[in-house]
Amino acid sequence: MLELLCMIPFLPFAGFVILTLIGRRITDRLAALIGAGSVAISAIITFVVGYNFLVLPPAGHPYTQVLWTWMRIGSFTPCISFYLDPLSLIMILVVTFVGFLIHLYSVEFMKGEEGYSRFFAYMNLFVGSMLTLVLADNLVLLYLGWEGVGLCSYLLIGFWYKDPANGRAAIKAFVVTRVGDAAMAVGLFLLFTNLGTLNIQELMGLASQKWPIGSGIAAAAAVLLLGGAAGKSAQLPLQTWLPDAMAGPTPVSALIHAATMVTAGVYLIARTHVLFTLAPAVQTTVAITGAATLLLASISAITQRDIKRVLAYSTISQIGYMFLALGVGAWSAAIFHFMTHAFFKALLFLGAGAVIIGLDREHDMYKMGGLRKQLPVAFWTFLIGSASLSALPLVTAGFYSKDLILWQVWASDRGSILLCAGGVAGAFLTSVYTFRMLFLTFAGNATSQVTRKPGPLMKIPLITLAVLSLIAGLIDIPATLGNLPTLSEFLHSALPPVPMSHANPLIEGKLQFITSLLALVGIMFAYRIFLHSPQHTGRAEEIKRSPIATAIHCFLFQGWNFDLLYDKFIVQPFVRLARFNRGDFIDFIYTGIALFIRSFNRVLSFTQSGKVRWYAAGLAVGAVILIGIAEFL
Amino acid sequence: MNEVYYISATIALISTLMVITRLNAIHALLYFIVSLFSVAIIFFILGAPFAAALEVIIYAGAIMVLFVFVIMMLNLGPEAIEQERQLFRPEVWIGPGVLSFVLFLEFIYVIRNYGRHLSGVAVIGPKQVGIVLFGPYLLGVELASLLLLVGLVGAYHLGRRRRSSGLRKGEKQ
Amino acid sequence: MEHGLILAGMLFCIGLAGVIVRRNIIFTLLSIEIMLNASGLAFVVAGSRWGQADGQIIFIFILAMAAAEVSVGLALLLQLYHKFKTLDSDTASRMRG
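As the structure is a prediction and not an experimental result, all values here were calculated from the model. (Residues numbered from 1 in each chain as written. Chains lettered and ligands numbered in written order. Predicted model: local features only at pLDDT ≥ 70, side-chain atom pairs only at ≥ 80, totals over all residues. Heavy atoms only, no water.)

Undergrad: Would you take a moment to explain the overall build of chain B for this structure?
TA: Per the secondary structure count, chain B includes seven helices and zero strands. Mapped in sequence order, the helices and strands of chain B form the string α-α-α-α-α-α-α. By residue count, 38% of the 173 residues in chain B fall in the buried class. Excluding contacts between residues fewer than 6 apart, the proportion of contacts in chain B whose partners are at least 24 apart in sequence is 72%. As displayed, chain B has an accessible area near 10,500 Å², and 70% of this comes from carbon and sulfur atoms. (Helix = DSSP H or I, 4+ residues; strand = E, 2+ residues; numbered from the N terminus. Buried < 20%, exposed > 50% of the residue type's maximum accessible area, 1.4 Å probe, protein only. Contact = heavy atoms within 4.5 Å. Areas by Shrake-Rupley, 256 points an atom, 1.4 Å probe, with all protein chains shown as cover.)

This is the structure we're talking about:
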């Protein structure tokens, strides 16, 4: 039954093709059926394949399915082949299942929108590309999926294309990730020219044989792949596109910019982990990037007004955690966090979508409030999601995954206390902004009325994801609470365990205690400041209105002004250069020939004056010259 | 004889210079006729009496007369009236008068000395010219006559005055 | 006989100058006649030098040609005068197309 593997990405692609061809002529219901149905069947097949993978002997052995050879250029013969091992199995399970839930949600969310079938076509294309990316056996096919998800991200962010701001946001996303993609392509070139293959497994084997630890080439390749991953996953310095990408419909944000596409970078690094182990400097860079990003983004998230932007910054921050884990060698922990994050972040986005559509496209949290009574299902699921995001102890999935990361950051040979402290501070900030968001939206007095309540198709995914956000953590229980690391062990064949030479289990317990406490303190903090906002003392008001405070607020609100930085130092000089070169001086070589000939023509046309005397003079001059030549030469 | 030659040459040069520098067409024509006469004298000296005769008869006698006729026909208005007034001024007469006079003296001298020619130069009379003309150069004669016929036809056609002020089909004014 | 040829050359150059310098078409035609005359002179001089009749023969041909050319040229001049009402050759300088 493992041969059904190829159907998993194929079905969404088929859905895309069908919807592109006949999407305009069929009813919305049929389009939704095809769109959501293809992903549903894909999810079912994934479960079947997964079951077979686990149960059939040899259990857990990686399975490669080669479909055909893509191209043959000399010694370069990449194939369309899919590779199933524990890592990719986890990924496709999450992608198809969460994808299906989101498709189901968007059947109702996008009801009545024009371009309904176009939406599902793009979503199917996205799911297909993401599955290709994850199942790819070689880096070329992975790059194909990589570009495919980038394209779909552009198409879906700019889905409501009639508003030019959406188009600009889509272009920004595309261009920024393109920078990363270009770096990744150069990395692929480097790998191919040095190792002669791009098949991932072969690559890892050859790299560990040929390159010593700390070699320059491994570092170069790794840093380039990191560039690509940072672009796709919206990490420093390429994180500017994600907040603006919230211009797309909410299911898009849920699927692409929370659960799947932005984690493609994490997947890439996990897949090519051998390269990173061979380049410790780059791996540390990954960790530092992750830590810096998570702090930066969480601080920015506290100041945002748009509910989706808070979630966007939150996504950036949580992926920072994953990068941090990857950076210290905690590969399984990163994947574990990816899984739980997919659940609770998608849940949060879908809940936000329910709120937005209930208030008729209102995004500003300061205009919401008191929705607890009007949208009960949304409120409770949102609460569960927020709790999971803040990693409230023991009951939420987020707790298990985040704590595993923090513990392994502390204990790993490549970790450090500083990084761990950053992660812990991030946990506190996460709790603050998450519950600020919750309180502003659902608690307090109702300022607006809900016009549209979510139907069953929206409620089912919300509830399912809420349940998963609670129980999904139980697949990897840390040593302090029972020691059942099933996930980590499952992933061992694909991802090696964290090198921990001096691990003290007691510290793990203390760390868990501290982070749980901080999370709860964060909730209190948010409660004090944001729920009791009207009763501010005069002093607090003064501080709030002082120019320094407003300047800092503005700075953080704009995402630490990265946009401004890039605009000033990269975009403006480039635009100036393009304007300067409007005449296109290289083109001048060709237009110059035409210009020259035209001016020559003008000169020559003087000689055709039509005056007889002029021609006679010409004859005379000619005769003189000829006789002169005949005489004197 | 050499002196005659040089004098004639000088007159030819001066009168030709005058031709191209005159304002009045008739004046230029008259100077040219003087030039032609001097060239005829040179021919005579060179032992080509037939050519000299032809020069005077055809060139000066026919072609220049044709010129004169056409210019008269052109009827160049006020200019012509002015010209009339100037015709009787002595300054205008001096140049052509002197030249013609000297030419005239030469004529007399040459004719009186017919038979005597430049030392070392043989006289080639009409008889020899005729024999050669209708011998080897017969084709040339035929062609020349054809050319004259063509010129005649062309001149007739071009010289016709049309009723409709010269507009042809498709021509814009 | 170089003197004869020199004279012919000088007359020819004067005629050429006249063609180029004068704008009045009558003078242009006249200058062409000067040139033809000069070339005829050159031929006769040459014929006299070699003692042959050929120089005069060519001179006869030149004369015939000059006659034909003058008649056609003057006819054209009349046409031009009727068309442009002036004898300035520079006015007939508009080329079609």
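Undergrad: Just to check I follow, could you spell out the overall build of chain C for this structure?
TA: Assigned secondary structure in chain C consists of three helices and zero strands. Going residue by residue from the N terminus, the α and β elements of chain C occur as α-α-α. Counting all 97 residues of chain C, 55% fall into the buried class. Considering only residue pairs separated by 6 or more positions, chain C has 57% of its internal contacts joining residues 24 or more positions apart. Summed over all atoms, the accessible surface of chain C reaches about 4,100 Å², with 68% contributed by carbon and sulfur.

Undergrad: Explain a nonpolar patch on the surface here, please?
TA: Residue and element names in this part refer to chain A. There is a patch of nonpolar side chains on the surface, built from Leu394, Val395, Ile463, Val467, Leu470, Ile471, Leu474 and Leu481 and spanning about 660 Å² of accessible area. The topology assignment puts Ile463 in helix α19 (residues 456-471). For Ile463, a relative accessible area of 43% gives the class partly exposed. (Patch = residues over 30% accessible without salt bridge, like charges linked within 9 Å, V, L, I, M, F, W, Y side chains within 5 Å. Salt bridge = Lys/Arg side-chain N within 4 Å of Asp/Glu carboxyl O.)

Undergrad: Please explain empty space enclosed by the protein as it appears in this structure.
TA: One simple way to see leftover space: roll a probe sized like a water molecule over the atoms. Residues and elements named next belong to chain A. Here the structure, examined in full by the defined rule, presents four cavities of 30 Å³ or more. Within this model, the largest cavity holds a volume of roughly 70 Å³. Around the largest cavity, the lining residues are Gln239, Thr240, Pro243, Arg309, Tyr313, Gln558, Gly559, Phe562 and Asp563. Within the residue set of the lining of the largest cavity, elements represented by two or more residues are α14 (307-327) and α24 (562-580). Residues belonging to the lining of the largest cavity are distributed by class as follows: three nonpolar, four polar and two charged. (1 Å grid on protein atoms, 1.4 Å probe; cavity = no way out; pocket = protein on both sides within 12 Å on 5 of 7 lines; lining within 4 Å. Points joined across faces, edges and corners; volume = space filled by probe spheres on them. Nonpolar A, V, L, I, M, F, W, Y, C, P; charged D, E, K, R; others polar.)

Undergrad: Just checking my understanding: could you explain the interface of chain C and chain A for this structure?
TA: Interfaces are often described in size by the accessible area the parts lose on coming together. Chain C puts 11 residues into the contact, and the matching count from chain A is nine residues. Interface area, chain C with chain A, both sides summed: about 810 Å², of which 63% is carbon and sulfur. A per-residue breakdown of the area chain C buries against chain A is headed by Ile20(C), Asp90(C) and Met95(C), which together make up 52% of the total. Here chain C is connected to chain A by zero salt bridges. One can count zero residue pairs in polar contact (both at pLDDT 80 or more) joining chain C with chain A. Of the residues in the side of chain C that touches chain A, the class split is six nonpolar, two polar and three charged. (Buried area = accessible area lost by both parts, 1.4 Å probe. Polar contact = N/O pair within 3.5 Å; in protein donor to acceptor, adjacent residues only side chain to side chain.)

Undergrad: Explain the interface of chain B and chain C here, please?
TA: Each partner contributes residues to the interface: chain B has 60 residues there, and chain C has 53 residues. Inspection of the chain B/chain C interface yields zero salt bridges. Connecting chain B to chain C are six residue pairs in polar contact (both at pLDDT 80 or more). Taken together, the elements giving at least two residues each to the side of chain B that touches chain C come down to α1 (2-21), α2 (25-45), α3 (49-74), α6 (126-133) and α7 (138-159) of chain B. No other element matches α3(B), which puts 14 residues into the side of chain B that touches chain C.

Undergrad: Would you mind showing me how to read the pairing of strand β2 (residues 79-84) of chain A here?
TA: Both faces of the sheet carry side chains from a regular strand, because those side chains alternate between them. All names here are of chain A. Where burial is concerned, most of β2 is hidden: five out of the six residues are buried. Bridge count for strand β1 (residues 63-69) against β2 is six bridges, and the pairing is antiparallel. Each bridged residue has a counterpart across the sheet, and for Thr64 the counterpart in β2 is Tyr83. (Pairing = 2+ DSSP bridges.)

Undergrad: I would appreciate a short explanation of the packing of helix α11 (residues 264-271) of chain A against α14(A) in the present structure.
TA: The packing of two helices is summarised by the inter-axis angle and the distance between the axes. All names here are of chain A. Contact geometry of α11 with α14 gives a least axis separation of 10 Å together with a crossing angle of 5 degrees. Comparing the axis directions of α11 and α14 gives the class roughly parallel. Taken together, the residues of α14 that come into contact with α11 (itself represented by Val266, Ile269 and Ala270) are Ile319, Met322, Phe323 and Leu326. Across the contact of α11 with α14, the residue classes break down as seven nonpolar, no polar and no charged. (Axes fitted to C-alpha atoms, helices over the stretch in contact; angles between N-to-C directions. Parallel < 35°, antiparallel > 145°, perpendicular 65-115°, else oblique.)

Undergrad: What should I look at first to understand the packing of aromatic side chains in this one?
TA: The way to describe two aromatic rings as a pair is by their centre distance and the angle between their planes. Applying the stated criterion across every chain, the model contains 22 aromatic pairs over all chains. Measuring from ring centre to ring centre gives 4.7 Å for Phe76(A) and Phe192(A), while their planes differ by 65 degrees; the resulting arrangement is edge-to-face. Placement of the pair is Phe76(A) in the loop between β1 and β2 and Phe192(A) in helix α6 (residues 164-195), with a sequence separation of 116 residues. With relative accessibility at 17%, the residue Phe76(A) sits in the buried group. Here a set of aromatic residues connected by ring pairs shows up, and it is made of Tyr116(A), Phe119(A), Phe120(A), Phe159(A) and Trp160(A). Over the ring of Trp50(C) we find Arg49(C); its NZ or CZ atom is 4.6 Å from the centre of that ring. Between Lys83(C) and the ring centre of Phe84(C), over which it is positioned, the NZ or CZ distance is 5.3 Å. (Phe/Tyr/Trp six-rings, centres within 6.5 Å; stacked < 30°, edge-to-face > 60°. Lys NZ or Arg CZ within 6 Å of the ring centre and 35° of its normal.)

Undergrad: How should the side chain of His273(A) be read in this particular structure?
TA: By the element assignment, His273(A) lies in helix α12 (residues 273-277). His273(A) has contacts with Met204(A), Trp331(A), Ala494(A), Leu495(A) and Pro496(A), leaving out every residue within four places of it along the chain.

Undergrad: Even after reading the chapter, I still don't get the nonpolar core, so can you show me in this structure?
TA: Note on soluble globular proteins: their nonpolar side chains tend to be buried together. All names here are of chain A. Within the largest apolar cluster, 200 residues are counted, with the highest numbers of intra-cluster contacts made by Leu84, Leu142, Leu191 and Phe276. With 20 residues, helix α15 (residues 331-358) is the largest single contributor of residues to this core. Apart from residues no more than four positions distant in its own chain, Phe276 is found in contact with Ala222, Leu225, Leu226, Ile269, Val282, Gln283, Val286, Trp331 and Arg414. (Core = buried A, V, L, I, M, F, W, Y, C linked by side-chain atoms within 4.5 Å.)

Undergrad: Is there a simple way to explain the pattern of salt bridges in this structure?
TA: Oppositely charged side chains can pair when the atoms bearing their charge come close. Residues and elements named next belong to chain A. If you walk through the whole model with that rule in mind, you get 10 salt bridges over all chains. Residues Arg309 and Asp244 are paired through a salt bridge, measuring 3.4 Å at the closest nitrogen-oxygen approach. Taken together, the residues span a long stretch of sequence, with Arg309 in helix α14 and Asp244 in helix α9 (residues 241-244) at a distance of 65 residues. A relative accessible area of 22% means that Arg309 is categorised as partly exposed. Here Asp244 falls in the partly exposed class, since its relative accessible area comes to 22%. Look at the salt bridges and you will find they share partners, linking Glu147, Arg178, Asp181 and Lys232 into a network.

Undergrad: Is there a simple way to think about helix α16 (residues 376-390) of chain A in this case?
TA: Since the α-helix advances by 3.6 residues per turn, residues separated by three or four positions end up pointing in the same direction. Residues and elements named next belong to chain A. For α16, built from 15 residues, the straight-helix expectation of 21 Å at 1.5 Å per residue is met to within 8% by its first-to-last C-alpha distance of 21 Å. All of the buried residues in α16 are Ala378, Phe379, Thr381, Phe382, Gly385, Ser386, Ala387, Ser388, Leu389 and Ser390. At the C-terminal side of α16, Ala391 shows a positive phi close to 60 degrees. (Expected span 1.5 Å × (residues − 1).)

Undergrad: Help me understand the packing of helix α3 (residues 86-109) of chain A against α19(A), please; the structure alone is not making it clear to me.
TA: All names here are of chain A. The contact between α3 and α19 brings their axes to 7 Å, and the two run at 150 degrees. If you check the angle between α3 and α19, you find them roughly antiparallel. At the point where α3 passes α19, the crossing takes the left-handed sense. Counted together, Phe97, Leu101, Leu104, Tyr105, Val107, Glu108 and Phe109 of α3 and Pro456, Leu457, Met458, Ile460, Pro461, Thr464, Leu465 and Leu468 of α19 form the full contact between these two elements. A per-class count over the contact of α3 with α19 returns 13 nonpolar, one polar and one charged. (Left-handed = near helix turned anticlockwise from the far one by under 90°.)

Undergrad: How do you make sense of unusual backbone geometry when you look at a structure like this?
TA: One can expect most non-glycine residues to show negative phi and most peptide bonds to be in trans. Residues and elements named next belong to chain A. A cis geometry characterises the amide bond from Leu236 onward to Pro237, with omega recorded as -10 degrees. For Pro237, the position within the fold is in the loop between α8 (216-232) and α9. Positive phi values are uncommon outside glycine, yet Ala234 reaches one of about 55 degrees. Take Ala234: it is sitting in the loop between α8 and α9.

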